[in-house]
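Letter by letter, the chains look like this.
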Amino acid sequence: MSPTQVIVIVLVVLVVVAVLAVAVRSLGRRRALRDRFGPEYDRVVEEQDSRSAAERELRDRERRHAELTLTPLSPESRARYSAAWEELQVRFIDSPGETVGDADTLVTRLIEEQGYPTGDFSDQIAHLSVEHARTLTNYRDAHDIHLRNSRGEASTEELRQAVVHYRSLFADLLGEEPVGHRTPEQRNHPDHDSTSR
């Protein structure tokens, strides 16, 4: 084999190795995005013109999320939010429409206290998607029902479903079920520590 042929073969091997390395890296980044964003990954891919545009959008969300100053909730705050959620669920029976509005407000307050922006709903969703993507479909559905309810277009069953959906994101943000496994006696006793479960 001539030296020129050896050089050509080495160059071809190097090009193939480089292409494979880029492909493996790309697949690894895609898998990491899928793992992080879950169903939100598929949703963004459907909304964008191409998979690469969707992946750019998701990486941009990660970058913007990294710029946030998120604050973990204190145990007192967690207890306060848990108590507020429990009260909200009890009120649903008597006033489902009002309760859904209150659930939207409570979730928004919780999101804001943790340091997420709450002005524009789509921005809010984008920021939340980085750490809470698995519950965003529920949140979108709940918010949609809340908006329809404000126009008088939601049924009682839809309102109930909205509260269930809000609870999903609420629990994810809280890091625990908002209403613990306490007995009715413990729930009704004013001195009971609501953080013990």
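The structure displayed is predicted, hence computed values, not measured ones.

> Would you mind showing me how to read the packing of helix H3 (residues 51-66) against helix H6 (residues 121-132) here?
Close contact between H3 and H6 brings their axes to 9 Å; oriented N to C, the two are set at 90 degrees. Relative to H6, H3 is oriented roughly perpendicular. The segment H3 lies against H6, with Arg61, Glu62, Arg64 and His65 engaging Asp123, Ala126, His127, Ser129, Val130 and Glu131. A per-class count over the contact of H3 with H6 returns two nonpolar, three polar and five charged.

> I keep staring at helix H7 (residues 136-150) and nothing clicks. Help me out?
Along an α-helix, residues three or four apart share an orientation, since each turn contains 3.6 residues. Along its 15 residues, H7 runs 21 Å from first to last C-alpha, staying within 8% of the 21 Å computed at 1.5 Å per residue. Within H7, burial applies to Leu136, Tyr139, Arg140, Ala142, His143, Ile145, His146, Arg148 and Asn149. Buried residues belonging to H7 abut helix H2 (39-47), helix H5 (96-113), H6 and helix H8 (156-174). Of the residues trailing H7, glycine 152 is marked for its positive phi of about 75 degrees.

> Explain the packing of aromatic side chains to me, please; I cannot follow it from the model alone.
Two aromatic rings are characterised by how far apart their centres lie and by the angle between their planes. Considering all chains together, one arrives at four aromatic pairs under this definition. Judged by centre distance (6.2 Å) and plane angle (65 degrees), the rings of tyrosine 81 and phenylalanine 170 are edge-to-face. Note that tyrosine 81 is positioned in helix H4 (residues 75-92) and phenylalanine 170 in helix H8, a separation of 89 residues in sequence. Residues tyrosine 81 and phenylalanine 170 agree in their burial class; the two are buried. Ring geometry for tryptophan 85 against phenylalanine 170: centres 4.7 Å apart, planes inclined by 25 degrees, an arrangement best described as stacked. Taken together, the positions of tryptophan 85 in helix H4 and phenylalanine 170 in helix H8 put the pair 85 residues apart, joining distant regions of the chain. Look at phenylalanine 170 and you get buried, because its relative accessible area is 0%. In textbook terms, an aromatic cluster arises when at least three aromatic residues are bridged by ring pairs, as seen for Tyr81, Trp85 and Phe170. Just above the ring of tyrosine 81 sits the side chain of arginine 80; from NZ or CZ to the centre is 5.4 Å.

> Please clarify how the pattern of salt bridges should be interpreted in this entry.
Working definition: two side chains of opposite charge can pair if their charged atoms are close together. For the coordinates displayed, the defined rule picks out 17 salt bridges. Here arginine 43 ties to glutamate 47 by a salt bridge, and the two come within 3.5 Å at their closest N and O atoms. Taken together, the residues arginine 43 and glutamate 47, both in helix H2 and four residues apart, mark about one turn of the helix. Connected through shared salt-bridge partners, Glu40, Glu57, Asp60, Arg61, Arg63, Arg64, Glu67 and Arg140 make up one network.

> Would you take a moment to explain the confidence of the model for the protein chain for this structure?
Close inspection of predicted coordinates is inappropriate for parts of the model with low pLDDT. Mean pLDDT over the protein chain works out to 85, with 90% of the residues at or above the 70 mark. Here residues 181-197 is modelled with pLDDT under 50, and outside its nearest four sequence neighbours on either side it reaches 18 contacts, counting other chains as well.

Scoring rules and cut-offs
- Residues numbered from 1 in each chain as written.
- Predicted model: local features only at pLDDT ≥ 70, side-chain atom pairs only at ≥ 80, totals over all residues.
- Heavy atoms only, no water.
- Axes fitted to C-alpha atoms, helices over the stretch in contact; angles between N-to-C directions.
- Helix = DSSP H or I, 4+ residues; strand = E, 2+ residues; numbered from the N terminus.
- Parallel < 35°, antiparallel > 145°, perpendicular 65-115°, else oblique.
- Contact = heavy atoms within 4.5 Å.
- Nonpolar A, V, L, I, M, F, W, Y, C, P; charged D, E, K, R; others polar.
- Expected span 1.5 Å × (residues − 1).
- Buried < 20%, exposed > 50% of the residue type's maximum accessible area, 1.4 Å probe, protein only.
- Phe/Tyr/Trp six-rings, centres within 6.5 Å; stacked < 30°, edge-to-face > 60°.
- Lys NZ or Arg CZ within 6 Å of the ring centre and 35° of its normal.
- Salt bridge = Lys/Arg side-chain N within 4 Å of Asp/Glu carboxyl O.
- pLDDT = per-residue confidence, 0-100.

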